[in-house]
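# Structural features, examined
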Amino acid sequence: MTADALAAPVYAAIEAGGTKFVCAVATADGTLLERVRFPTRDPATTLAEARAFFDATSQRVGAPRALGIASFGPLELDPRAAAYGRLLRTPKPGWHDADLRAPFASLGIPIALDTDVNAAALAEAHLGAGRGADGTPLDSLCYVTVGTGIGVGAVIAGKPLHGLLHPEVGHIHPRRHTGDAGFAGVCPHHGDCLEGLANGPALVARLGHDLGDAHATHPVWDIEADYIGQLCAQLALTLSPRRIVLGGGVMQHERLFAPIRTRTRHWLGGYLARDEVEGGIDAYIVPPGLDDRSGILGALLLATRAAAEDPAPR
């Protein structure tokens, strides 16, 4: 750690996942000064551990200027709402109505909150796979995580997309693959929505083991590629992003990218007559540029933006 890094303003970041929390303190340029990972347990225990980390690092590297929280959802993101900062009907046991902001209020710093996938989209747009040929961020990008769940984050005109709530595209209902008619799906809310058909647990439920143990000729690869290809086509038609980034544990199986691109073009049916889709789809649907750092760096960007909007020193 350099002396310059220690002298720079410090920002706090949390990537709150369904299975693990990542907490970090960093400088605005993305230099991570300290970082810790620990399992996601009950809200009180988990959030107390996060608060203890920031209390301890404040003594070592200085008090943070702002905090960014990138969390699993769904979340109430409207500051006018009574439930602002709380988790809504999350399938994560015990976390419904958990207040993510309250344990950190006494820090006396701006707190910015968004979904983990919106934050990852923000990081990829500004620091990772969302840069154009000239190195500048593209004005729109979708980040898709395919893992324990399926989530979609969107950055439009440089800002994470919010509205009635935030994108919950994992719960759309795709057309059934012809080889998948008998599978009920695993989503506790919708059964055979996209998440219920194509997330990691759905693959394990079909196979009885992880996807990586499936033979290269097993039909599950084609089924998964078709569902994610449908998702990419829907995103291209609805949000019109200039790039789609596919991350998460399932997408670590890189052999899925080629058939997903093929199925995306199939479902688009030639309707989007753009070179990015017709001839350059390998550069349109891509893996993350930040590996597993998209979420925590996205939380850092949330923090730096919150500090810029509230510039008074604290």
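Attention here is on the structure that accompanies the text.

## Quick word on the packing of aromatic side chains
Throughout the structure, instances matching the rule amount to five aromatic pairs. Each ring, one from Phe 21 and one from Phe 38, has its centre 5.9 Å from the other, and the planes form 25°; the classification is stacked. Taken together, the positions of Phe 21 in strand β2 (residues 20–26) and Phe 38 in strand β3 (residues 32–39) put the pair 17 residues apart, joining distant regions of the chain. When the ring of Phe 54 is compared with that of Phe 104, the centres are 6.2 Å apart and the planes differ by 75°; the resulting orientation is edge-to-face. Highlighted residues: Phe 54 in helix α2 (residues 43–61) and Phe 104 in the loop between β4 (67–71) and β5 (111–115), separated in sequence by 50 residues. By way of ring pairs, the aromatic residues Phe 21, Phe 38, Phe 72 and Trp 95 are connected into one cluster. Its guanidinium or amino end placed over the ring of Phe 183, Arg 206 lies 4.1 Å from that ring's centre, counting from NZ or CZ. Sitting over the face of the ring of Trp 221, Arg 255 holds its NZ or CZ atom 4.5 Å from the ring centroid.

## Section: the sheet that holds strand β8 (residues 159–160)
Strand order in the open sheet formed by five strands is β8-β7-β6-β9-β10, with mixed pairing between adjacent strands. Each of the sheet's edge strands pairs with one partner strand only, and the pair in question is β8 and β10 (285–286). Summarising the sheet, strand β7 (residues 150–156) and β8 pair through two bridges and their orientation is antiparallel. In the strand pairing of β8, Val 155 is matched with Pro 160. Relative to strand β6 (residues 140–146), helix α6 (residues 219–238) is tilted by about 155°, and along the sheet it contacts β6, β7, β9 (244–247) and β10.

## So, the packing of α6 against helix α7 (residues 257–268)
The axes of two packed helices give the description: the angle between them and the distance between them. It is the contact of α6 with α7, at a shortest axis distance of 7 Å, that shows an interaxial angle of 55°. Considering their axes alone, α6 and α7 lie oblique with respect to each other. In terms of crossing hand, the pair formed by α6 and α7 is right-handed. Contacts from Ala 225, Asp 226, Ile 228, Gly 229, Gln 230, Cys 232, Ala 233, Ala 236 and Leu 237 in α6 reach Pro 259, Ile 260, Arg 263, Thr 264, Trp 267 and Leu 268 in α7. Here the residues of the contact of α6 with α7 are counted per class, giving 10 nonpolar, three polar and two charged.

## Focus: the nonpolar core
Residues Leu 211 and Leu 246 are the most contacted members of the largest nonpolar core, which totals 39 residues. Those elements that place two or more of their residues in this core are β6, β7, α4 (194–198), α5 (200–207), α6, β9 and α7. Apart from the residues lying within four places of it in its own chain, the contact partners of Leu 211 are Leu 203, Val 220, Trp 221, Val 250, His 253 and Leu 256. In terms of nonpolar packing, the next biggest core, distinct from the first, is built from 31 residues, Ala 112, Ala 119, Ala 129 and Leu 141 among them.

## Topic: the sheet that holds β3
The five strands lie next to each other as β3-β2-β1-β4-β5, forming an open sheet whose pairing is mixed. With one partner strand each, in any of the chains shown, β3 and β5 form the two edges of the open sheet. Strand-to-strand, the axes of this sheet are offset by a mean angle of 15°, without reference to chain direction. Strand direction decides the pairing type here: β4 and β5, joined by five bridges, are parallel.

## Some remarks on the packing of α5 against α6
Where α5 meets α6, the closest approach of the two axes is 12 Å, and the angle between their N-to-C directions is 155°. Here α5 lies roughly antiparallel to α6, going by the angle between them. Here α5 and α6 pass one another in a crossing that is right-handed. When α5 is examined against α6, the residues Leu 203, Arg 206 and Leu 207 are found in contact with a partner set consisting of Val 220, Ile 223, Glu 224 and Tyr 227. Along the lines of polarity and charge, the residues of the contact of α5 with α6 split into five nonpolar, no polar and two charged.

## Let's talk about the side chain of His 177
Tracing the chain through its elements places His 177 in the loop between β8 and α4. A polar side-chain atom of His 177 sits 2.9 Å from the main-chain amide nitrogen of Gly 179.

## Comments concerning the state of the cysteines
Going through the model one piece at a time under the given rule, you end up with zero disulfides. Free of any disulfide, Cys 142 has its nearest cysteine sulfur in Cys 232, 9.0 Å distant. According to the relative accessible area criterion, Cys 142 is buried, its value standing at 0%.

## Re the side chain of Arg 51
Residue placement: Arg 51 occurs in helix α2. When its relative accessible area of 17% is taken as the criterion, Arg 51 is described as buried. Within the structure, Arg 51 has its side chain in polar contact with the backbone oxygen of Pro 103 (distance 2.9 Å). In this view, Arg 51 contacts Pro 103, Phe 104, Ser 106 and Leu 107; residues no more than four positions away in its chain are not counted.

Definitions and cut-offs
- Residues numbered from 1 in each chain as written.
- Predicted model: local features only at pLDDT ≥ 70, side-chain atom pairs only at ≥ 80, totals over all residues.
- Heavy atoms only, no water.
- Phe/Tyr/Trp six-rings, centres within 6.5 Å; stacked < 30°, edge-to-face > 60°.
- Helix = DSSP H or I, 4+ residues; strand = E, 2+ residues; numbered from the N terminus.
- Lys NZ or Arg CZ within 6 Å of the ring centre and 35° of its normal.
- Pairing = 2+ DSSP bridges.
- Contact = heavy atoms within 4.5 Å.
- Axes fitted to C-alpha atoms, helices over the stretch in contact; angles between N-to-C directions.
- Parallel < 35°, antiparallel > 145°, perpendicular 65-115°, else oblique.
- Left-handed = near helix turned anticlockwise from the far one by under 90°.
- Nonpolar A, V, L, I, M, F, W, Y, C, P; charged D, E, K, R; others polar.
- Core = buried A, V, L, I, M, F, W, Y, C linked by side-chain atoms within 4.5 Å.
- Buried < 20%, exposed > 50% of the residue type's maximum accessible area, 1.4 Å probe, protein only.
- Polar contact = N/O pair within 3.5 Å; in protein donor to acceptor, adjacent residues only side chain to side chain.
- Disulfide = S-S within 2.5 Å.

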